[in-house]
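# Commentary on secondary and tertiary structure
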Amino acid sequence: MNTIDLFKLLKLKTIFGELPQTVDYIEADSRNVKPNSIFFCIKGHTTDGHDFAQRAVESGATVIVAEKNLDIDLEKAALVVVSNTSRALAFAANRFYQYPSKEMNVIGVTGTNGKTSVTNLIHQLIKRGGEHSALSGTIGFDLDGTLFESANTTSDILTTQRMLVQAKEAQIQNMIFEVSSHGLVEGRLWGVDFDVVTFTNLSHDHLDFHGTMENYGYAKGLLFSQLGQDLSKPKFAVLNLDDEWYSQYAAMTPFEVISYSMEQKADFWAADIRYLDDRTLFRLESPEGSFEVETQLLGTFNVSNVLAAIASLYAKGESVASLVERLREIPPVSGRMERVHTSAPLSIYIDYAHTPDAIEKAIQSVLPFKKNRVLFLVGTGGNRDKSKRPTMAEKASLADYVVLTTDDPRYESYDSIVNDLGKGMTHENFALIGDREKAVRHLMGIAEPGDIIIFAGKGHEDYQIIENVKYPHSDREIALEVISERF
Ligand SMILES: CC(=O)N[C@H]1[C@@H](OP(=O)(O)OP(=O)(O)OC[C@H]2O[C@@H](n3ccc(=O)[nH]c3=O)[C@H](O)[C@@H]2O)O[C@H](CO)[C@@H](O)[C@@H]1O[C@H](C)C(=O)N[C@@H](C)C(=O)N[C@H](CCC(=O)O)C(=O)O
Ligand SMILES: Nc1ncnc2c1ncn2[C@@H]1O[C@H](COP(=O)(O)OP(=O)(O)OP(=O)(O)O)[C@@H](O)[C@H]1O
């Protein structure tokens, strides 16, 4: 690509050395630099990309973009100094990859809980309608059925643009993004031309990063302002009327707002909800009339997620009747109130609840068909938001018996994590067991016929991170092992 052209839209820059006519690659990680790359130095949380500029030159970079003058070999590479390398990278990456999102139908979903569930539902519904779809989120990058790992829920600027290009080149028209507040604050989606943006809910999480709920709420709001101001094309914000941030997000965009609700009349709302232990039924009221909905997804929160997904695809132009039909066939999202099939006289669910709100909703979900006790196991991660821990246990107290344990303890001790959690319990029927395998065994050891058991916090994950090592771990396998011994 022509090098001057890459910088065309940026004004303030100082150039040292001679720019090459063209560059072949664009990189922000020195370890990936190939000959004739342009390398952007990004100051991160743990290291500073500026420290790797000379290494990038040695690997063949012919242009270095930095925020300050650097001691590099100007015979081999030109140095372009800009005021903010992340912004410069966003402009250059969008230009380098030729704005792929402009030619695609792009849907972004944000919120504290439900992003993976709603994006997955949207992705599956599109595919069952006969179109191709790519999905980027916590579970990785799903390119119409082929799964690639990714480091983040919302990937960095370059990875985001590359995913879009990959999807476009594979002739996939739809790109669905799970959008995290971290990703929004760090501008990882700068330049992505969203057509529909959807909000699930906002509740306590990630305050170690955002500081206050106010900041956290505004961080999520960046997605709605990212719809832009170009009113020459249709775009939509799909918002949860049951959440107190509804009005503020609606005010952040001039585009049409489509509302959904489980509690009141909205553009899309659910009435006459029936929670069964293997499926959920409700009547959907929509701008295209009333429909009887049946879904294999379980739990109160999944009704809200189904409404969000249907409303998002209605915004895209799909017919509600067809969406309701396709929904019946869609299996539960892996690790989200997913039932474990066993012949033992117990009901076991695997869930990913790791916020106070999600814990409350997960337990509430099984109360309509409770016959005996609800046994609930939940953990939390080490070295992350500690302020939510007591509230997590307070919400878990809704269960008859609770085991408090760890998710990924990282470098924090078991005792430190479970003692913080324990402070919030409102009854005495609980155990603190930091070692997750022992915790699962303990819970399964006291289970009786008719009990409902929920293992929360690890969801689809098949590992535990202790210090910085990933160890294999599966609540499901341990539970099934104990069942084979006991029942
Ligand atoms: C705190 C945080 O957000 N960190 C993200 C950040 O890493 P960082 O700031 O530490 O980057 P760094 O290692 O200091 O590197 C700085 C620069 O130097 C470059 N570098 C580095 C080393 C080298 O040898 N050469 C080199 O050029 C790097 O490529 C980078 O450009 O930038 C990386 C690349 O984009 C991210 O992968 C990384 O996410 C880490 C893994 C993370 O855990 N982030 C969490 C907080 C996060 O973002 N989570 C949300 C989901 C939240 C949720 O809803 O649950 C997410 O979207 O994933
Ligand atoms: N709409 C919702 N409201 C409240 N809780 C929900 C909702 N949807 C899902 N949950 C709970 O949150 C857990 C995680 O769901 P999901 O993975 O869809 O959310 P997420 O926003 O993608 O979270 P993460 O980014 O941490 O993966 C579920 O297992 C469930 O317990």
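Since this is a predicted model, take the numbers as computed values, not measurements.

To continue, consider the site of ligand 1. Around ligand 1 sit 22 residues in total, of which His45, Thr46, Thr47, Asn152 and Ser180 are the nearest. Separating an oxygen atom of ligand 1 from a backbone N or O atom of Ala28 is a distance of 2.9 Å. One nitrogen or oxygen atom from the main chain of Thr47 is found 2.6 Å from an oxygen atom belonging to ligand 1. Split into classes, the residues belonging to the shell around ligand 1 amount to four nonpolar, 12 polar and six charged. Formed jointly, the shell around ligand 1 draws a minimum of three residues from each of two domains, domain 1 (3-96) and domain 2 (100-327).

Turning our eyes to something else, we now look at the sheet that holds strand E4 (residues 61-66). One open sheet holds the five strands; their spatial order is E1-E5-E4-E3-E2, and the pairing between them is mixed. Both edges of this open sheet fall to strand E1 (14-16) and strand E2 (25-27), since each of them pairs with a single strand only. For this sheet the average axis-to-axis angle between neighbouring strands, irrespective of direction, equals 20°.

For the pair helix H3 (residues 85-96) and helix H5 (residues 157-169), the least separation of the axes is 10 Å and the interaxial angle reads 15°. With respect to H5, the element H3 is oriented roughly parallel. Regarding H3 and H5, the two cross each other, and that crossing is right-handed. Counted together, Ser86, Leu89, Ala90, Ala93 and Asn94 of H3 and Ile157, Leu158 and Gln161 of H5 form the full contact between these two elements.

Turning next to the pattern of salt bridges. Applying the stated criterion across every chain, the model contains 38 salt bridges. Between Asp193 and Lys235 there is a salt bridge whose closest N-O contact spans 2.6 Å. In this pair, Asp193 is assigned in the loop between helix H6 (181-185) and strand E11 (196-199) and Lys235 in the loop between helix H8 (213-225) and strand E12 (236-240), connecting sequence segments 42 residues apart. Residue Lys235 is classed as buried on the basis of its relative accessible area of 4%.

In this section: the UniProt feature "binding site: UDP-N-acetyl-alpha-D-muramoyl-L-alanyl-D-glutamate" (unreviewed entry) in the chain. Per the UniProt record, "binding site: UDP-N-acetyl-alpha-D-muramoyl-L-alanyl-D-glutamate" (unreviewed entry) is found at Ser30, Asn152, Thr153, Thr154, Ser180 and Arg188. Over a stretch of 159 residues, the named residues are scattered through the fold, their C-alpha atoms separated by up to 25.6 Å. Residue contacts for Asn152: discarding those within four places in its chain leaves Gly137 and Arg188. Counting through the fold element by element, Ser180 comes out in the loop between strand E10 (174-178) and H6. Overall, the relative accessible area of 10% leaves Ser180 in the buried class. Look past the residues within four positions of Ser180 in its chain and what remains in contact with it is Thr153, Thr154, Arg188 and Lys220.

A few words now on the sheet that holds strand E17 (residues 338-340). Strand order across the open sheet formed by six strands is E17-E18-E22-E19-E20-E21, with mixed pairing between neighbours. Each having just a single partner strand, E17 and strand E21 (430-432) make up the two edges of the open sheet. Adjacent strand axes in the sheet meet at a mean angle of 20°, parallel and antiparallel pairs treated alike. Pairing of strand E19 (residues 374-380) with strand E22 (residues 452-456), which is carried by five bridges, proceeds in the parallel orientation. Residue pairing across strands places Val374 opposite Ile452, the latter belonging to E22. Lying over the sheet, helix H15 (residues 436-446) contacts strand E18 (347-351), E19, strand E20 (401-406), E21 and E22, oriented at roughly 165° with respect to E20.

Side chains of residues three or four places apart in an α-helix project in the same direction, reflecting 3.6 residues per turn. Taking 1.5 Å of rise per residue, the 13 residues of H5 would be expected to cover 18 Å, and the 18 Å separating its terminal C-alpha atoms lies within 8% of that figure. Buried residues of H5: Ile157, Leu158, Thr160, Gln161, Met163, Leu164, Val165 and Ala167, and no others. Where H5 begins, one side-chain oxygen reaches toward the backbone nitrogen of Leu158, 3.2 Å away; that side chain belongs to Asp156. Just downstream of H5 lies Gln171, where phi reads positive at about 60°.

Attention now goes to the site of ligand 2. For ligand 2, the set of nearby residues contains 19 residues, the closest of which are Lys115, Thr116, Ser117, Arg336 and Asp351. In the model, an oxygen atom of ligand 2 is placed 2.8 Å from a nitrogen or oxygen of the Lys115 side chain. Relative to its free-state accessible area of 620 Å², ligand 2 is covered by the protein chains to the extent of 95%. At the level of elements, helix H4 (115-128), helix H10 (300-316) and helix H12 (356-366) are the ones that each hand at least two residues to the shell around ligand 2. Of the residues in the shell around ligand 2, the class split is four nonpolar, nine polar and six charged. Counting contributing residues, the shell around ligand 2 receives three or more from each of domain 2 (100-327) and domain 3 (338-486).

What follows is about the packing of aromatic side chains. Taken as a whole, this structure holds 10 aromatic pairs when the rule is applied. The interplanar angle of 75° and the centroid separation of 5.0 Å between the aromatic rings of Phe96 and Tyr97 together place this pair among those described as edge-to-face. Given the relative accessible area of 16%, Tyr97 is considered buried. Judged by centre distance (6.5 Å) and plane angle (50°), the rings of Tyr349 and Phe369 are tilted. With a gap of 20 residues between them, Tyr349 in strand E18 and Phe369 in the loop between H12 and E19 connect regions that are remote in the sequence.

The rules behind the values
Residues numbered from 1 in each chain as written. Chains lettered and ligands numbered in written order. Predicted model: local features only at pLDDT ≥ 70, side-chain atom pairs only at ≥ 80, totals over all residues. Heavy atoms only, no water. Near = heavy atom within 4 Å. Polar contact = N/O pair within 3.5 Å; in protein donor to acceptor, adjacent residues only side chain to side chain. Nonpolar A, V, L, I, M, F, W, Y, C, P; charged D, E, K, R; others polar. Domains from an automatic or database assignment. Pairing = 2+ DSSP bridges. Helix = DSSP H or I, 4+ residues; strand = E, 2+ residues; numbered from the N terminus. Axes fitted to C-alpha atoms, helices over the stretch in contact; angles between N-to-C directions. Parallel < 35°, antiparallel > 145°, perpendicular 65-115°, else oblique. Left-handed = near helix turned anticlockwise from the far one by under 90°. Contact = heavy atoms within 4.5 Å. Salt bridge = Lys/Arg side-chain N within 4 Å of Asp/Glu carboxyl O. Buried < 20%, exposed > 50% of the residue type's maximum accessible area, 1.4 Å probe, protein only. UniProt positions renumbered as here; feature names shortened; annotations may be inferred. Expected span 1.5 Å × (residues − 1). Areas by Shrake-Rupley, 256 points an atom, 1.4 Å probe, with all protein chains shown as cover. Phe/Tyr/Trp six-rings, centres within 6.5 Å; stacked < 30°, edge-to-face > 60°.

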